Amino acid sequence: MDRHAQVIDVDGLQLLIEVLASRGYTVMGPTVRDGAVVVAPVAGVADLPRGLRDEQDAAHYRLVPRDDDAFFGHAAAVQGAKPVLFPADQLLWRARRSEDGFRLDASDDDDAAPVALLGARSCDLAAVDIHDEVLLRRRFSDAHYAQRRAGTFVVAVTCGDPAGTCFCASTGTGPRPGAGFDLLLTELLEPVHRFLVEVGSVRGAEVLAEVPAAPAGPGDLAAADDVVVRATGRMGRVLETEGLRDVLYAAAESPHWDDVASRCLACTSCTLVCPTCFCTSVEDVADLTGDVAERHRVWDSCFSKDFAYIHGGSLRGETRSRYRQWITHKLAAWQDQFGMLGCVGCGRCITWCPAAIDITAEAAALRAATPLVTTGEGARR
Amino acid sequence: MTTTPLLPVPHVPPARATRPTLAVWKFASCDGCQLTLLNCEDELMALAGAVRIAYFPEATRAVVDGPYDLSLVEGSVTTPEEVERIGQIRAMSRHLVTIGACATTGGIQALRNFADVAEFRSVVYAHPEYLSTLDRSTPISAHVTVDFELRGCPVDKNQLLEVLAAYLQRRRPRIPTYSVCVECKRRGAVCVTVAHGTPCLGPVTQAGCGALCPAFARGCYGCFGPQDSPNTSALADRLLAAGMAPDEVMRVYRTFNAASEPFRRESERHEGEVSS
Ligand code: SF4
Ligand code: SF4
Ligand code: SF4
Ligand code: SF4
């Protein structure tokens with residue numbers, strides 16, 4: 001297959017970051033903070049997490065040394081593209097009292113520099129595509145998201161070493177990014193440290209033209225394909241998606257929800273780290289004088305009691321109904337709502353659940369405990 | 001007594017010309033919450049313009065006689081004299097808001113609730129007969145009707161200003177009751193439990209501090225008391241499984257909000273439990 005791929009070395013990666021910066025992008029890439037790989041501004045390869053692997057399991061995350069020098073030898077960062085494109089706290093408007101009423105401040109968004117996402121993984125891109133569907137392609141698009149999204153340059157990376165909580169192979173969203181990038185890097189370590197670069201857009205080609213690169217040889221392409229094959233075989237978790245929607249709908253009254261609720265802390269962490277969860281609430285704030293008022297949109301979660309607050313009380317007073325809402329939305333109702341699974345298999349909700357609750361294990365337990373009303377092809381709508 | 005989740009209705013709008021009077025009262029407490037009010041340096045002028053500070057001994061000796069439009073009450077009730085005094089203050093106050101862990105749950109001094117006060121008294125004081133103290137430390141809401149309870153040890157400055165602004169603007173204060181984890185994730189902090197194995201009470205604790213401790217790589221101590229859906233036993237199970245001794249689990253629940261129902265029940269569950 002001729003992918004018009006090029007090869008760059010470590011200096012080339014450094015130059016790539018510099019070229020993006022010189023084009024006015026804030027380069028947001030993986031870097032180590034407080035013992036974990038987070039996405040933050042990076043100025044060069046020195047900021048990347050070199051020679052580190054992330055050991056991930058339910059409620060467990062540790063960075064451990066690798067026996068090589070890989071820059072991208074870790075899996076999904078603590079939070080991926082979500083906080084970059086869909087911030088936790090978005091100022092919608094600010095109003096000031098004036099003599100004849102009030103006036104609105106100009107939006108701060110307009111002067112924000114566009115972002116280049118470096119090291120985005122296949123699950124990250126699949127999640128961004130879901131957010132595009134939810135926030136852009138429906139009847140009303142989200143202006144703040146649209147603006148950030150349009151300017152964003154994406155340098156994706158093929159996952160070479162999935163974590164213990166990864167299952168993108170099950171959800172069909174990885175480990176090799178298929179679309180949604182301007183440039184795609186696959187890190188190759190032997191015999192020399194280099195990156196296979198594939199171009200996904202005109203903009204990507206323009207940027208790559210500024211970096212010294214050599215055409216990829218058959219050996220480079222084969223090595224890159226091998227990275228994908230090995231990564232696919234090393235997924236830490238599996239999610240059986242076949243008929244999952246029907247299983248969850250049939251499990252609506254399952255006693256299993258009480259079992260999960262006895263363990264679940266209703267802390268919201270799973271939804272807030274989930275790259276596809278998009279729920280927010282709108283909050284109005286005013287200062288003491290009442291002369292300045294602001295409207296903010298902040299991340300919210302179906303695990304919080306007030307999330308389902310309507311006149312008279314919360315619809316989901318008990319944790320059992322909140323967990324049911326979350327997993328049923330992700331794995332079943334999302335399919336009816338958006339025509340796709342709401343889960344991209346990144347494993348973040350498993351790793352970052354302080355109670356070690358595992359969406360793949362709960363889905364399997366529900367499947368085992370739930371007799372479907374009918375079986376076979378006819379049951380799958 | 002019950003507390004209402006909303007600021008009082010009906011409410012007489014505070015006209016700009018006649019600023020509402022504000023009184024700040026102290027019961028058994030460390031003054032930290034009142035200090036939070038004084039620490040609102042940038043907002044103090046605006047506050048002084050919006051309310052008339054009528055009684056605030058921590059800040060000024062000038063006293064305006066009651067009744068007061070809004071009373072902020074810090075501290076818990078620990079003596080017979082305080083039982084009487086809180087009744088008088090309630091009678092003098094149109095609206096009464098309690099501030100801080102002491103006033104809302106009994107505070108750290110509610111550790112006496114788990115022990116024998118007579119014994120403390122005889123051990124600590126040369127003349128215990130001079131003391132008149134109750135054997136329980138109780139929140140203000142155990143004695144009088146409270147219009148709003150603001151949690152925290154100490155209260156958060158921005159939440160305090162929000163409650164005052166809401167009072168002045170006759171709206172509901174925006175004080176969420178969800179967990180500290182919400183604030184922790186929103187600010188992008190790395191979870192200390194998952195990434196460092198540090199015990200953290202964030203999942204059972206009400207937000208308000210902005211996840212201050214986790215942002216500095218420390219576990220949450222539970223300063224803001226239980227969140228609205230606190231699964232204290234599931235968190236205790238996690239702490240025990242991670243190797244924490246039962247008496248330590250008892251102690252993490254027994255701090256500034258020891259007497260809050262969910263924390264009290266959980267700490268008592270681990271009383272006398274032996275490590276396996
Ligand atoms: S549900 Fe969990 S595994 Fe799936 S996308 Fe969300 S965080 Fe990732
Ligand atoms: S799972 Fe919950 S938080 Fe996530 S999108 Fe669905 S309703 Fe919203
Ligand atoms: S499933 Fe885990 S992360 Fe999600 S709310 Fe429950 S305890 Fe928190
Ligand atoms: S550090 Fe504590 S507050 Fe933050 S997410 Fe983890 S458990 Fe929750």
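Within every chain, residues take consecutive numbers counted from 1 along the sequence as written. Written order decides the labels, with chains lettered from A and ligands numbered from 1. Thresholds applied to this predicted model are a pLDDT of at least 70 for local features of residues and 80 or more for the giving and counting of side-chain atom pairs; totals over whole chains, interfaces and linings are not thresholded and use all residues. Neither water nor hydrogens contribute to the side-chain values; these are computed over all heavy atoms in the structure.

(A) Layout of the overall build of chain A. Helix and strand counts for chain A stand at 13 helices and 16 strands. The quantity called the radius of gyration is restricted to C-alpha atoms. Its globule counterpart is 2.2 Å times the number of residues to the power 0.38. Against the 2.2 N^0.38 benchmark of 21 Å for 381 residues, chain A shows a C-alpha radius of gyration of 22 Å, consistent with a compact globule. Relative accessibility decides the category of a residue: with a 1.4 Å probe and only protein chains considered, values under 20% of the type maximum give buried, values over 50% give exposed, and everything between is partly exposed. For chain A, with 381 residues in total, the buried portion stands at 55%. For chain A, the proportion of contacts with a sequence separation of at least 24, taken over those separated by at least 6, is 72%. Only the protein chains shown count as cover for residues, with accessible areas throughout obtained via the Shrake-Rupley method and a probe of 1.4 Å. Summed over all atoms, the accessible surface of chain A reaches about 16100 Å², with 53% contributed by carbon and sulfur. The positive count covers Lys and Arg only, the negative count covers Asp and Glu only, and His and the chain ends enter neither. Note that the charge is assigned to NZ on lysines, CZ on arginines, CG on aspartates and CD on glutamates. Averaging the coordinates of the 38 positive side-chain charges in chain A and doing the same for the 53 negative ones gives two points 5 Å apart. Numbering goes from the N terminus for both helices and strands, where a helix is a DSSP run of H or I of at least four residues and a strand is a run of E of at least two. Any pair of residues with heavy atoms lying within 4.5 Å of one another is described as a contacting pair.

(B) Quick peek at the pattern of salt bridges. Salt bridges are counted wherever a side-chain nitrogen of Lys or Arg sits within 4 Å of a carboxyl oxygen of Asp or Glu. For the coordinates displayed, the defined rule picks out 43 salt bridges over all chains. Between Asp105(A) and Arg103(A) there is a salt bridge, with its nearest N and O atoms 4.0 Å apart. Between Arg265(B) and Glu261(B) there is a salt bridge, with its nearest N and O atoms 3.8 Å apart. Linking Arg265(B) with Glu261(B), this pair stays in helix H12 (residues 261-269), spanning 4 residues, or about one helical turn. Judged by relative accessible area, Glu261(B) falls into the partly exposed class, the value being 41%. Through salt bridges with shared partners, a single network forms among Arg94(A), Arg96(A), Arg103(A), Asp105(A) and Glu294(A).

(C) Spatial organisation of the sheet that holds strand E12 (residues 214-215) of chain A. Residue and element names in this part refer to chain A. The strand order E3-E2-E8-E9-E10-E11-E1-E12 describes an open sheet built from 8 strands, whose pairing is mixed. Looking at the sheet topology across the chains shown, the edges are occupied by strand E3 (36-41) and E12. At least two bridges found by DSSP between two strands are what make those strands a pair. As paired elements, strand E2 (residues 26-33) and strand E8 (residues 115-120) share 3 bridges and run parallel to each other. What sits directly across from Val27, in E8, is Ala116. Note on geometry: axes are lines fitted to C-alpha atoms, helical ones only across the stretch in contact, with angles between N-to-C directions running from 0 to 180 degrees. The strands touched by helix H7 (residues 218-232) within the sheet are strand E1 (6-9), strand E10 (183-188) and strand E11 (194-199), with E10 carrying the most contacts at an inclination of about 90 degrees.

(D) How the structure looks around the confidence of the model for chain B. All names here are of chain B. Confidence of the predictor at the level of single residues is given by pLDDT, which spans 0 to 100. This prediction gives chain B a mean pLDDT of 92; 93% of its residues lie at or above 70. Here residues 1-15 is a poorly scored stretch, pLDDT under 50, and it has 32 contacts once near neighbours within four places are set aside; other chains count. Under the prediction, the complex receives an ipTM of 0.95, its pTM being 0.94.

(E) Spatial organisation of the site of ligand 4. Residues are counted as near a molecule or strand when any one of their heavy atoms sits within 4 Å of it. All residues adjacent to ligand 4 are Ser269(A), Val180(B), Cys181(B), Cys184(B), Lys185(B), Cys191(B), Val192(B), Thr193(B), Cys200(B), Gly202(B), Pro203(B) and Pro214(B). Ranked by the residues each element gives to the shell around ligand 4, the list is headed by helix H7 (residues 180-186) of chain B, at 4 residues. Under the convention adopted here, Pro, Cys and the residues Ala, Val, Leu, Ile, Met, Phe, Trp and Tyr are nonpolar, Asp, Glu, Lys and Arg are charged, and Gly plus all remaining residues are polar. Of the residues contributing to the shell around ligand 4, the split by class is 8 nonpolar, 3 polar and 1 charged.

(F) A look at the packing of aromatic side chains. Centre distance within 6.5 Å is the pairing criterion for rings of Phe, Tyr and Trp, where only the six-membered ring of Trp is used; planes under 30 degrees apart are then read as stacked, over 60 as edge-to-face, and the remainder as tilted. The full count for this structure, using the stated rule, is 13 aromatic pairs over all chains. Seen in terms of ring centroids, Phe278(A) and Phe338(A) are 5.9 Å apart; in terms of plane orientation they differ by 85 degrees. Their pairing is edge-to-face. Here the residue Phe278(A) occupies a position in the loop between helix H10 (269-273) and strand E13 (280-286), and Phe338(A) occupies one in helix H11 (residues 319-338), the gap between them amounting to 60 residues. Phe338(A) carries the same exposure label as Phe278(A), and that label is buried. Seen in terms of ring centroids, Trp25(B) and Tyr68(B) are 5.7 Å apart; in terms of plane orientation they differ by 70 degrees. Their pairing is edge-to-face.

(G) Geometry of the side chain of Ser229(B). Mapping Ser229(B) onto the fold places it in the loop between helix H9 (212-215) and helix H10 (232-241). Since its relative accessible area comes to 12%, Ser229(B) is described here as buried. At a separation of 3.0 Å, a polar atom in the side chain of Ser229(B) contacts the side chain of Arg322(A). Each residue touching Ser229(B), except ones within four places of it in the same chain, is listed here: Leu265(A), Ala266(A), Lys305(A) and Arg322(A). Any N or O atom pair separated by 3.5 Å or less is treated as a polar contact, with the protein-specific requirement of one donor-capable and one acceptor-capable atom, and with residues adjacent in sequence counted only for side-chain atom pairs.

(H) The arrangement of the site of ligand 3 in detail. Taken together, 13 residues form the shell around ligand 3, and within it Cys264(A), Leu265(A), Cys267(A), Cys270(A) and Cys353(A) come nearest. Split into classes, the residues belonging to the shell around ligand 3 amount to 11 nonpolar, 2 polar and no charged.

(I) View of the pairing of E2(A). Summarising the sheet, E2(A) and E3(A) pair through 6 bridges and their orientation is antiparallel. By the bridge assignment, Val32(A) is partnered in E3(A) with Val37(A).

(J) Structural detail: the sheet that holds strand E1 (residues 21-26) of chain B. Residues and elements named next belong to chain B. What the 5 strands build is an open sheet, ordered E2-E1-E3-E4-E5; its pairing is parallel. Each having just a single partner strand, strand E2 (52-55) and strand E5 (148-150) make up the two edges of the open sheet. Strand-to-strand twist of the sheet, defined as the mean angle between neighbouring strand axes without regard to direction, takes the value 30 degrees. Relative to strand E4 (residues 93-99), strand E3 (residues 68-74) runs parallel, the two sharing 6 bridges. Across the sheet, residue Val73 finds its bridge partner in E4, namely Thr98. Contacts between helix H3 (residues 80-92) and the sheet are confined to E1, E3 and E4, with E4 contributing the most and set at about 130 degrees to the helix.

(K) Local environment of the interface of chain A and chain B. Taken together, the contact pairs 43 residues of chain A with 36 residues of chain B. Put simply, buried area is how much 1.4 Å-probe accessible surface two parts lose in total, over both of them, once they are put together. For the chain A face of the interface with chain B, the top three residues by lost area are Asp34(A), Leu265(A) and Leu288(A), together amounting to 23%. Here chain A is connected to chain B by 1 salt bridge. For Glu283(A), the salt bridge identified is with Arg174(B), shortest N-O distance 2.8 Å. Counting residues per element, the ones that place at least two in the side of chain A that touches chain B are E3, strand E5 (60-65), helix H9 (256-263), H10, E13 and strand E14 (292-299) of chain A. Top contributing element to the side of chain A that touches chain B by residue count: E13(A), with 4 residues.

(L) Geometry of the pairing of E10(A). All names here are of chain A. For E10, the buried fraction is high: 6 of the 6 residues fall into the buried class. Burial along E10 is two-sided: the residues Leu183, Leu185 and Glu187 and Leu184, Thr186 and Leu188 are all buried. As paired elements, strand E9 (residues 153-157) and E10 share 3 bridges and run parallel to each other. Counterpart to Val157 in the pairing with E10 is Leu185.

(M) Main features of the domain arrangement of chain B. All names here are of chain B. In this document the domain limits rely on a domain assignment from an automatic tool or a database. One can read the domain layout of chain B as domain 1 (11-168) and domain 2 (180-275). With centres defined by C-alpha atoms, the gap from domain 1 to domain 2 works out at 26 Å. Across the contact, 14 residues belong to domain 1 and 19 residues belong to domain 2. Around 1200 Å² of area is buried between domain 1 and domain 2 when both sides are counted, 60% of it from carbon and sulfur atoms. On the domain 1 side of the contact with domain 2, Thr105, Phe114 and Arg151 bury the most area, a combined 48% of that side's loss. Where domain 1 packs against domain 2, one counts 0 salt bridges. Joining domain 1 to domain 2, the criterion identifies 4 residue pairs in polar contact (both at pLDDT 80 or more). A breakdown of the residues in the side of domain 1 that touches domain 2 according to their chemical character gives 7 nonpolar, 5 polar and 2 charged.

(N) Focus on the layout of surface pockets. Both cavities and pockets are sets of points on a 1 Å grid over the protein atoms alone; in a cavity a 1.4 Å probe fits but cannot get out, in a pocket the set is open with protein on both sides within 12 Å along at least five of seven lines, and lining residues sit with an atom within 4 Å of a point. Grid points are joined across faces, edges and corners, and a volume is the space filled by probe spheres set on the points. There is about 850 Å³ of room inside the second largest pocket. Around the second largest pocket sit 30 residues that line it, and Val285(A), Asn158(B), Gln159(B), Glu162(B) and Arg174(B) are the ones nearest its centre. Where the lining of the second largest pocket is concerned, the elements lending two or more residues are E13 and E14 of chain A together with helix H2 (41-50), helix H6 (157-168) and H7 of chain B. Residue assignment places the lining of the second largest pocket across two domains, with domain 1 (11-168) and domain 2 (180-275) of chain B each supplying three or more.

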